[in-house]
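# Chain and residue survey
Chain residues, written in single-letter form:
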Amino acid sequence: MGKFDALFEDEDDIFAGTPESRYWDIHSQLSQDLIKDEFDGIVQRLAVMESMLAKVHDLEDIDRAVQSYALENMSEIEEMKKSVYMELAGQLIYRVAE
């Protein structure tokens, strides 16, 4: 269960759209410098996760392992994506408010 599951009970009403659409609405309102900085943070997070995963799987097998896990756990991944979009949108809003 993701951190923001309670917000998705009626995803077409909460925040007037889906978590993904709300993230992109917020994203489109930001300066290029802020967008680049946030994207760099996402790439860093991905690099850390891949590095951690490489301790269990060969680097060449990571894509296959990720795709296999995603197919086997599709509904869990979709719910987690919603939580990640909400978390990223919250970070964008926080950065704008600074």
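Residues numbered from 1 in each chain as written. Predicted model: local features only at pLDDT ≥ 70, side-chain atom pairs only at ≥ 80, totals over all residues. Heavy atoms only, no water.

### With respect to the overall build of the protein
The cut-off we apply is this: Helix and strand definitions here come from DSSP, where helices need a minimum of 4 consecutive H or I residues and strands a minimum of 2 consecutive E residues; each element is numbered from the N-terminal end.
Per the secondary structure count, the protein includes four helices and zero strands. The linear arrangement of helices and strands in the protein, starting from the amino end, is α-α-α-α.

### Details of helix α2 (residues 32-54)
For an α-helix the count is 3.6 residues per turn, leaving residues at separations of three or four pointing the same way. Heads up, the condition is: Multiplying 1.5 Å by the residue count of a helix minus one yields the expected span of that helix. Whether a residue is buried, partly exposed or exposed follows from its accessible area with a 1.4 Å probe, protein chains only, as a fraction of its type maximum: under 20%, in between, or over 50%, in that order. Contacts were defined at the residue level, with two residues in contact if any of their heavy atoms lie within 4.5 Å.
For α2, with 23 residues, the first-to-last C-alpha span of 32 Å sits near the 33 Å given by 1.5 Å per residue. By the burial criterion, the buried members of α2 are Leu34, Ile35 and Glu38. Contact partners of the buried residues in α2: α1 (19-27) and α4 (74-97).

### With respect to the side chain of Glu38
Worth spelling out the cut-off: Distance and chemistry together define a polar contact, namely a pair of N or O atoms within 3.5 Å, with one atom able to donate a hydrogen and the other to accept it when in protein, and with adjacent residues in sequence counting only for side-chain atoms on both sides.
As for its position among the elements, Glu38 is in helix α2. Reaching out from Glu38, the side chain makes a polar contact with the side chain of Arg95 at a distance of 2.6 Å. Contacts of Glu38, omitting those with residues within four sequence positions, involve Gln91, Leu92 and Arg95.

### Thoughts on the confidence of the model for the protein
Cut-off, in case you're wondering: For every residue, the pLDDT score states the predictor's confidence, bounded by 0 at the bottom and 100 at the top.
For the protein, the average pLDDT comes to 85, and 84% of its residues sit at 70 or higher. Ranking the elements of the protein by mean pLDDT puts α1 last with 89 and α2 first with 93.

### Here we look at the nonpolar core
Applicable threshold: Only buried Ala, Val, Leu, Ile, Met, Phe, Trp, Tyr and Cys residues count toward a nonpolar core, and they belong to the same one when joined by side-chain atoms within 4.5 Å.
Formed by Tyr23, Ile26, Leu30, Leu34, Ile35, Tyr85, Leu88, Ala89 and Leu92, the largest nonpolar core amounts to nine residues. Looking at this core, the elements that each hand over two or more residues are α1, α2 and α4. In terms of residue count, α4 provides more of this core than any other element does, four residues in total. Tyr85 has contacts with Pro19, Glu20, Tyr23 and Trp24, leaving out every residue within four places of it along the chain.

### Observations concerning the packing of aromatic side chains
The criterion, for reference: In this scheme Phe, Tyr and Trp rings, the latter by its six-membered ring, pair at centre separations within 6.5 Å, and the angle between planes marks the pair as stacked below 30 degrees, edge-to-face above 60, and tilted otherwise.
Taken as a whole and assessed by the stated rule, the structure comprises two aromatic pairs. Considering the side-chain rings of Tyr23 and Trp24, the 4.9 Å spacing of their centres and the 85° angle between planes classify their relative orientation as edge-to-face. Exposure remark for Tyr23: the relative accessible area of 6% places this residue in the buried category. Residue classification places Trp24 among the partly exposed residues on the basis of a relative accessible area of 43%. Seen in terms of ring centroids, Tyr23 and Tyr85 are 5.6 Å apart; in terms of plane orientation they differ by 55°. Their pairing is tilted. Residue Tyr23 is found in helix α1, and its partner Tyr85 is found in helix α4; the two are separated by 62 residues along the sequence. Aromatic ring contacts, followed pair by pair, group Tyr23, Trp24 and Tyr85 into a single cluster.

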